[in-house]
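Reading the structure
Residues per chain, in single letters:
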Amino acid sequence: MGNTGYPRNHGLDFLKGIAACFIVFVHVVFPWPYGVFVAYLGSFAVSVFFMTSGYYSYGASKGKLLHSVKRTVIYLLVAYVLYLFKMLALEGFHARPVVDFLVNEVFTVEHLLKILITSQSKICFVAWFLISLIICYVLKLVLGKRLRYLGYLGLVAGIVVVLPPVDNYMDFPISNPWMWGIPFFVIGELVHEHETALRHVFKRRYLVTLCLVGILLNLLSRYNGTGWWHIANMLIAPSLFMLFSWSGMKFNRFCLLGSTYVFFIYIVHPLVSTCYNALRGNPGVVESWLRPIIVLVSTVLLAMAYYHVKTLILARLRH
């Protein structure tokens, strides 16, 4: 999700800030039925993160890609530690249930294969994106430009697999690197490589139209119970990506959500949500609408505090 050597694109930082908000609203939903539509629509957020990583990986050296792998692994480990700490707290700080969970459910061949194939981990539900991103970076290191063939294949497979009507889009195994992560990672690379040509073809009005068509498909998907949300996502995410990438937007405070705080928000918001639910188990109607916003604001404030303290400590260490 970060920069690998190119100048920062503040338009993409702004878009990632919007995506970070939607990630929270996907996991901490608004009341029914509106929350379901927001969750469907919010799927564009993860696609944007994959595309941004691919965008900055275009032409990057092996050293830069290795740095991206190491950094993402660190974020993944932090997510795991936070989840296990939460689990330990819920167990009254008795270590035995946590140890049994790790031995019997986590460190098994079946679970490791599931992580590799679907990116689904029992340790932390939001970790699937980080695992998929690591796989994208590693394959980019190994395959180079040939990764695009996997991206094209995954794109076709992702479309085919969601065409039949289903009751729940999660019935289909597209939440994985092969049919979601790699295709959007490759799209990000292609946007960077062919940026000049794409600017001539996709005028702003065309991109806005594609976004609106995608939103309409998403709405229809929500009401008729089909997997068309994924096809809608394929229209919304690239269109938004190109719109914001070419916007020439200047840096402002909101861009910090996408440039600095995005990993923090992604990793920490489930913990903030758990704490809030523990304090307010039965919220009223008004509070149920406010809960996603409260969790988002609380997570952002924690991110600001963390980075402020981190900056002060590093400044003192330098002196």
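Scroll up a little and you will see the structure.
Rules and cut-offs
Residues numbered from 1 in each chain as written. Predicted model: local features only at pLDDT ≥ 70, side-chain atom pairs only at ≥ 80, totals over all residues. Heavy atoms only, no water. Salt bridge = Lys/Arg side-chain N within 4 Å of Asp/Glu carboxyl O. Helix = DSSP H or I, 4+ residues; strand = E, 2+ residues; numbered from the N terminus. Buried < 20%, exposed > 50% of the residue type's maximum accessible area, 1.4 Å probe, protein only. Patch = residues over 30% accessible without salt bridge, like charges linked within 9 Å, V, L, I, M, F, W, Y side chains within 5 Å. Areas by Shrake-Rupley, 256 points an atom, 1.4 Å probe, with all protein chains shown as cover. Expected span 1.5 Å × (residues − 1). Bend = angle between axes of the 7 residues up to and from the residue. Contact = heavy atoms within 4.5 Å. Core = buried A, V, L, I, M, F, W, Y, C linked by side-chain atoms within 4.5 Å. Phe/Tyr/Trp six-rings, centres within 6.5 Å; stacked < 30°, edge-to-face > 60°.

All right, on to the pattern of salt bridges then. Tallying each qualifying case throughout the model produces seven salt bridges. Between Glu105 and Lys122 there is a salt bridge; the shortest N-O distance is 3.6 Å. Separated by 17 residues along the polypeptide, Glu105 in helix α5 (residues 95–106) and Lys122 in the loop between α6 (109–118) and α7 (127–143) bring together distant segments of the chain. Among the residues examined, Glu105 registers a relative accessible area of 35% and is labelled partly exposed. A residue is classified by how much of its surface remains accessible, and Lys122, at 40% relative accessible area, is partly exposed. Salt-bridge contacts for Lys145 lead to Glu193; the nearest nitrogen and oxygen are separated by 3.6 Å. With a gap of 48 residues between them, Lys145 in the loop between α7 and α8 (147–162) and Glu193 in helix α9 (residues 177–193) connect regions that are remote in the sequence. Among the residues examined, Glu193 registers a relative accessible area of 25% and is labelled partly exposed.

Our focus in this paragraph is a nonpolar patch on the surface. A contiguous nonpolar patch, built from Tyr34, Val285, Val286, Trp289, Leu290, Ile293, Ile294, Val297, Leu301 and Met304 and spanning about 950 Å² of accessible area, is present on the exposed surface. For the nonpolar patch, the leading source of residues is helix α15 (residues 285–318), giving nine residues. Among the structural elements, Trp289 can be located in helix α15.

Here Glu110 is to be found in helix α6. Spatially, the C-alpha atom of Glu110 lies 34 Å from that of Gly35, the residues being 75 residues apart in sequence.

Attention now moves to unusual backbone geometry. One non-glycine residue, Ser119, lies in the positive phi region at around 65 degrees. Examined against the element boundaries, Ser119 turns out to sit in the loop between α6 and α7.

Across its 34 residues, α15 extends 50 Å between first and last C-alpha, which sits within 8% of the 50 Å expected from 1.5 Å per residue. At Arg291, α15 is bent by approximately 40 degrees, the largest bend along its length, and proline Pro292 sits one to four residues beyond. Residues of α15 that are buried include every one of Glu287, Ser288, Pro292, Val295, Leu296, Thr299, Val300, Ala303 and Tyr307, and no others. Next to the buried residues of α15 lie α1 (10–27), α13 (255–259) and α14 (262–279).

In this model, α14 (18 residues) spans 25 Å end to end at C-alpha, consistent with the 26 Å of a helix rising 1.5 Å per residue. Taken as a whole, α14 carries its principal kink of about 40 degrees at Val268; the proline Pro270 stands between one and four residues after it. Among all positions of α14, only Val262, Phe263, Phe264, Ile265, Tyr266, Ile267, Val268, His269, Pro270, Val272, Ser273 and Tyr276 are buried. Buried positions along α14 lie against α1, α3 (43–57), α4 (62–90), α7, α13 and α15.

Moving on, we get to the nonpolar core. Counting residues in hydrophobic clusters, the biggest one holds 86 residues, and the most contacted among them are Phe50, Tyr80, Phe129, Leu130, Phe184 and Tyr266. With residues up to four places along the chain from it excluded, the contact list for Leu130 reads Thr72, Tyr75, Leu76, Ala79, Phe263, Tyr266 and Ile267.

Another point: the environment of Val162. Positionally, Val162 belongs in helix α8. For Val162, a relative accessible area of 2% puts it in the buried group.

This paragraph deals with the packing of aromatic side chains. In total, this model carries 19 aromatic pairs according to the counting rule given. The interplanar angle of 55 degrees and the centroid separation of 5.8 Å between the aromatic rings of Phe49 and Phe129 together place this pair among those described as tilted. Taken together, the residues span a long stretch of sequence, with Phe49 in helix α3 and Phe129 in helix α7 at a distance of 80 residues. Using a relative accessible area of 1% as the deciding quantity, one classes Phe49 as buried. For Phe129, a relative accessible area of 0% gives the class buried. Where Phe50 meets Phe129, the ring centres are 4.9 Å apart and the plane angle is 65 degrees; that geometry is what we call edge-to-face. Of this pair, Phe50 sits in helix α3 while Phe129 sits in helix α7, and the two are 79 residues apart along the sequence.

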